[in-house]
Amino acid sequence: MWDAHPKELQKAVEAALGPEAAEYEIRFQPMFGGIMSYTYERPFASLSVAGIALKLSAEDRERLIEAGGYPLRYKESDPPSKSYTVIPKDLVESGGEPLKTWLITSMTHVKTLPMRKKKKK
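Attention here is on the structure that accompanies the text. (Residues numbered from 1 in each chain as written. Predicted model: local features only at pLDDT ≥ 70, side-chain atom pairs only at ≥ 80, totals over all residues. Heavy atoms only, no water.)

1. Here we look at the packing of aromatic side chains
Enumeration over the complete set of coordinates arrives at one aromatic pair. On the basis of an interplanar angle of 65 degrees and a centroid distance of 6.5 Å, the ring pair of Y24 and Y40 is categorised as edge-to-face. Pair noted here: Y24 is in the loop between α2 (20-23) and β1 (26-31) and Y40 is in the loop between β2 (34-39) and β3 (42-48), with a separation of 16 residues, a long-range link. Lying across the ring of Y38, R27 places its NZ or CZ 4.2 Å from the centre. (Phe/Tyr/Trp six-rings, centres within 6.5 Å; stacked < 30°, edge-to-face > 60°. Helix = DSSP H or I, 4+ residues; strand = E, 2+ residues; numbered from the N terminus. Lys NZ or Arg CZ within 6 Å of the ring centre and 35° of its normal.)

Encoded structure:
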């Protein structure tokens, strides 16, 4: 955990994707003190005090962990997430193509997942 500010992380995501954000139908929604990022109405990134955590395939998750990422935990006492992996802080701070590549990898992965059914009110 590196005490990031979700709004700053949102700016980093938007800057890394640039005009391509529109192609991926990116939207952000405040959620539990953080921000959830969606592509094609599917969640792909959690922006919180823990950093930018991406939903990835098992293979890509392992690659990100090998590159210094780690399973998301909002608090030290929380169990590690099986779905989201935090991007290393230095990769986020440097921005550019490496960050963009990981974001696109996540967005491409979640597009293959089934849509969640909306809850009836």
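2. Describing the side chain of R61
Position of R61 relative to the elements: it lies in helix α3 (residues 58-66). E62 provides the closest opposite charge to the buried, salt-bridge-free R61, at an N-O distance of 5.1 Å. The residues touching R61, leaving out its near neighbours within four places in the chain, are L56, P71, S81, K82, S83, Y84 and T85. (Buried < 20%, exposed > 50% of the residue type's maximum accessible area, 1.4 Å probe, protein only. Lys, Arg positive; Asp, Glu negative; His and termini not counted. Salt bridge = Lys/Arg side-chain N within 4 Å of Asp/Glu carboxyl O. Contact = heavy atoms within 4.5 Å.)

3. Some words on the nonpolar core
Residues L17, F44, I52, L54, I87 and L103 are the most contacted members of the largest nonpolar core, which totals 26 residues. Breaking this core down by element, the ones donating at least two residues are α1 (6-17), β3, β4 (51-55), α4 (89-94) and α5 (96-111). With six residues, α5 is the single largest residue contributor to this core. For L54, the contacting residues outside a window of four places in its chain are F44, A45, S83, Y84, T85, I87, W102, L103 and S106. Counting residues in hydrophobic clusters, the runner-up holds seven residues, among them Y38, A50, A53 and Y84. (Core = buried A, V, L, I, M, F, W, Y, C linked by side-chain atoms within 4.5 Å.)

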